[in-house]
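Structural overview for review
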Amino acid sequence: MSRSYLFIPGNNPNMLQNLDVFNADAVIIDFEDSVISYDKDCARDLVENFLKKYNFENLEIYIRINDFESNDFLKDVQSTLDLNINGYVLPKAMPESIDDLNKLIGTKGKTIIPIIESPLALLFVREIASKDNLHGILLGAEDFTKELNVPRTLEASEIFYARSIISIACNAFNIDSIDTPFTNTDDISNLRVDSLKAKQLGFTSKSSIHPNHVETINQVFAPSKSEIENALRIVTKAKTELKGAFSLDGKMVDLPIIKKAEKTIETAKKYNLL
Amino acid sequence: MSTKILYNLESLYEEIDIFEHKNISFHHHLRNGDFVLNMVLKKYLEMDVKELNLFPSSIFPTYTTILDLIKNDQINNITTNYLNGPVAEYISKNGLIGKLKMQTHGGRARSIIEGNNNIDIAYIAAPYVDKLGNAVGYKGKNACGSLGYAIADSKYAKIKILITDTLVEEVDNPEIDGANIDYIIVVDSIGDSNGIVSGTTQVTKNPVGVKIARYTSELINELGYIKNGFSFQSGAGGVSLKATEYIGEIMRKNNVIASFFSGGITKYHVDMLEEGLVEKLYDVQCFDLDAVRSISKNKNHIPISASIYANPNDEKMVIKDLDCVILGAAEIDYDFNVNVTSSSHQMLMGGSGGHSDTATEAKLTIIVSPLIKARIPVIKDRVMTITTLGKNVDCLVTERGIAINENRKDLIEKLKNSKLKIYTIKELANIAHNYTGIPKQLKKESKIIGMVEDRTYDIIDYIYKA
C-alpha cells in the first residue's frame, strides 16, 4: 500500500531524473494529458531509455498510458511492457478496457490502476474493482465533475458520493483507493484539509500533480502517532488475553480491531514511523 | 570645510579637478535602479578622463557607462565585490588594462578604512539628505534602505560627495554623518524605485529547492542550533528563504526566539521580527520594499555599515557572533571550496559579497545547491574560481543528500545516528555522475585578468580570461 502517487510528465527529462527525490511512495509517469500529442513518441523513447538505465528500489513506478480509444494506447503499452515498472494507470477506464489491457499485459506481471473519471464508469465501479490484476482505483475528479457539469469546490461536496463508493469498492476488494489530485499547487493548508476528508472516507492514498504536495499527503495517509500507540497497546494486550474479545480503556476489542491494529503497525514500520 | 550644496555636476568640476582624482567609488544600494553611477561616469566619458581606478561596491547590469569607459581605454583597474551583466561579460572576455580585484563586503570596508583602497572621490547616492550632509537611505522618494556599503567611503575617501534628489532641513539618526561630507549635489532623480528592489527575493516553489530547504532546516535543527538566542543569516536566495520559513516553523513549535538575523534583509525576515521570533535585524542591505519600510519605523531593525557587518578588524563586527549562515554556490569542490564568482565556463557572474565573510565567521556554514544544475554536477574536482575557502565551509545540502566537511568531525559525530541522508562529498558527486557522466573540466586560458582577495588580504585565487 502506498500513501502518495506523484504524476510526472513523461517528456520532461529534468523531472524524470528527479523522480525518486520527492519521497513519493509511487510515481505515475504520464504519457497522457501532460504530454502534447506531437511529443508522445518522444516521451515513450525517453522513458524507455531512462528506465532501462536506472533502477529505483523502494519506489513503485506506474505509467499512465493514453486511453483505450486513442491511437497511442497500443504504442504506449507495447513500448513499456518489458520495462521494470509496476503497472499501468488506465484513463477513462471501463470494464472492457481493463480486460483488453489485461490481455496485452499477459504474463508480464504488471498491475492496473483504472481511473474513474465519468459518471458511467462510477456506475460500474463494483465490476471494475472486482477485475483481476488491479492494484487500486484512482478517482479523476476533474473530468468526472466536468461530465457532471458542476464546478469543483474546496468543500468537495460534488465528489462526496464518488469518493464514498470508490473507497467502499476498493476496500471490499482489498485494493488501494487513490484520491484525486488537489489542483491548487500552492495551497498546502487546504491540501491537508482535502486529504483528511478523503482519508476519513476510507481512502488509502492520494495522487498529486505537484511534488510539493507529497510531504503533506504522506503525513496524512500515514498512521498518526496516537494511532500507532493505540495499535501497539491493542496488539500487546491481545497477546496476553486468552479470550477472543477483551476490553481496553472501556472499549470492546475483537478480532477485526486487532487485525486493523496489526495493519497499522505494519504500515508504520514500512514508513519508518516505528 | 563646511558642506557645499551644488545643483549639477558641472558646478562640482569647477570646484575640483576631475583629471586629478582618478580613484573613484560608488555604492550599489540602488541596484538596477541606480541613475547616479551612469550620471557621474558619463562626465568622465565626455571629458575623456583616462587611467581611472573604480571602486564600486558592486556592478549591476544597468551600470553600462562602465562598459563604455572600458571600451574607450579609460579604466585601468576595478575593485569590487560582485559583478554581473554586460560589464562582467566584457571583462571576462577581454580583461582590463590593469586588473579586476574581487573583494568581500567586509574586506572592502577594511581596505578603505586601512588605506589599501585609496579612494579620491566617493560619489554616494543618498536618498534623504539634510543641508549639513547628514543622510539616511530609508527615506525619500527613492529610498533604498540601509546605506551600509557606503559608510566607509563617506568617512575615508579624500572627497566625499552626496548625490540626492531629496534635500530636507534635518535628518534624525543619520547613517552618514554630515561632518564628513564635502559636497551635496541635488539632482532631479537618483534612481528608479522599480529597479532598486531585487526581483529575486521570493521563497522558492521549485520542488528541488523546497526539498533542499527542508533538509537544510532539519540539519540545522538536528545539530542543535535552533535554540533561544541563536543567530542566523540566510541572504535572499529562494532556497535560503524557504529554509528560513521552515526554521520559523521549528521556532514556533519549540517557542524559540532568535537573538538576531544579519546581512541582506527581506520581507520574510521582517515578518519574523514583527512576529517576535527574532529580537533584532542587523541590516547592511535591504532587498525589498518591506525591508525598507521596516527599517524606517522599527527600532529593532538596525542599519549597519559594512565594517560593523563584516570587517574582521572591527571590534563591533556583528557576524563574529553568527551561529549559522546559509549560502549558495555556482560550484563546490571536493575540498569544499566554493565558487560564486564565475560560471564553469569562466564567465564572471557574481562575486563574494558577504559569502566569504560570513562563512569564515559563522559557527555553521551551510552551502545549498541542486546536485545537478542544467545537466552539470555542482561538485567539481576543483572549482573554476575560489570565492570562499573550503576550510570555512561545513556542509553541502542538496536534494539527494548532505555532505559534511571532514574537518568538522564534531558535526559528523553528532549526525552519526541521524535519519538524514549523509554522504561524503565524493559519494554525492558519484550520485550526480551516475546521471550526467563526468564532465570534462574546462582548461583555463593562460591570461590572468584578475584576482580574488579574501578579507584577510590574501589572494586566494586568480581569475582567468574566458
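If you're wondering where the values come from, they're calculated on a predicted model, not measured in any experiment.

Definitions and cut-offs
Throughout this description, residue numbers start from 1 for each chain and increase along the sequence as written. Here the convention is simple: chains get letters from A, ligands get numbers from 1, in the order in which they are written. At least 70 in pLDDT is required for a residue's local features to be given in this predicted model, at least 80 for side-chain atom pairs to be given and counted, and no such filter applies to totals for whole chains, interfaces and linings, which use all residues. Hydrogens and water molecules were not included; the side-chain quantities draw on all heavy atoms of the structure. The helix and strand labels rest on DSSP assignments: H or I over at least four residues marks a helix, E over at least two residues marks a strand, and numbering proceeds from the N terminus. Nitrogen and oxygen atoms within 3.5 Å of one another constitute a polar contact, given that in protein one can donate a hydrogen and the other can accept it, and given that sequence-neighbouring residues count only through two side-chain atoms. With axes taken as lines fitted to C-alpha atoms, and helix axes fitted only over the stretch in contact, angles between N-to-C directions fall between 0 and 180 degrees. Should an angle fall under 35 degrees it is taken as roughly parallel, and over 145 as roughly antiparallel, whereas 65 to 115 is taken as roughly perpendicular and any remaining angle as oblique. Here a crossing is taken to be left-handed if its near helix is turned anticlockwise relative to the far helix by less than a right angle, and right-handed if that turn runs clockwise. What makes two residues a contact is simply this: any of their non-hydrogen atoms within 4.5 Å. Residue polarity is assigned by list, with Asp, Glu, Lys and Arg as charged and Ala, Val, Leu, Ile, Met, Phe, Trp, Tyr, Cys and Pro as nonpolar; anything else, Gly included, falls into the polar class. Relative accessibility thresholds used throughout: buried, under 20% of the residue-type maximum; exposed, over 50%; partly exposed, between the two (1.4 Å probe, protein chains only). At least two bridges found by DSSP between two strands are what make those strands a pair. If the strands point away from the viewer and the path from the first strand over the helix to the second runs clockwise, then the crossover is right-handed.

Turning to the environment of Ser418(B), a few remarks are in order. All names here are of chain B. Mapped onto the secondary structure, serine 418 falls in the loop between helix H14 (409–414) and strand E25 (422–423). Each C-alpha atom of the pair serine 418 and lysine 139 lies 48 Å from the other, and the pair is 279 residues apart in sequence. Within the structure, the side chain of serine 418 is placed 2.8 Å from the side chain of glutamate 222, a separation counted as a polar contact. In this structure the side chain of serine 418 is engaged in a polar contact, spanning 2.9 Å, whose partner is the backbone nitrogen of leucine 420.

Our next topic: the packing of helix H11 (residues 225–240) of chain A against helix H12 (residues 255–270) of chain A. Residue and element names in this part refer to chain A. Packing of H11 against H12 brings their axes to within 8 Å, and their N-to-C directions diverge by 125 degrees. For the element pair H11 / H12, the angle class is oblique. The element H11 and its partner H12 pack so that their crossing is left-handed. Contacts between H11 and H12 involve Glu227, Ile228, Ala231, Leu232, Ile234, Val235 and Ala238 from the former and Ile257, Ile258, Ala261, Glu262, Thr264, Ile265 and Ala268 from the latter. Class assignment for the residues of the contact of H11 with H12 results in eleven nonpolar, one polar and two charged.

Here we come to the pairing of strand E3 (residues 52–56) of chain B. Residues and elements named next belong to chain B. In terms of burial, E3 is largely enclosed, as five of its five residues are buried. Of the two faces of E3, the one holding Leu52, Leu54 and Pro56 and the one holding Asn53 and Phe55 are both buried throughout. Looking at chain direction, strand E2 (residues 23–26) and E3 are connected through four bridges and run parallel. Residue pairing across strands places isoleucine 24 opposite leucine 54, the latter belonging to E3. Following the backbone out of E2, through helix H2 (residues 36–46) and into the adjacent parallel E3, one traces a crossover that is right-handed. As defined by bridge partners, E3 adjoins strand E4 (residues 75–80) across three bridges and the pair is classed as parallel. Bridged to leucine 54 within E4 is isoleucine 78.

What follows is about the packing of helix H10 (residues 267–275) of chain B against helix H11 (residues 289–297) of chain B. All names here are of chain B. At their nearest, the axes of H10 and H11 sit 8 Å apart, and the two run at 40 degrees to each other. It follows from the interaxial angle that H10 and H11 lie oblique. Crossing angle aside, the handedness with which H10 passes H11 is left-handed. Facing H10, whose interface residues are Lys267, Val270, Leu273 and Glu274, H11 presents Asp290, Ala291, Ser294 and Lys297. Here the contact of H10 with H11 is built from residues that sort into three nonpolar, one polar and four charged.

Now for helix H7 (residues 141–148) of chain A. When we look at burial in H7(A), the residues that qualify are Ala141(A), Asp143(A), Phe144(A) and Thr145(A). After H7(A) finishes, the residue Asn149(A) shows a positive phi value of roughly 60 degrees.

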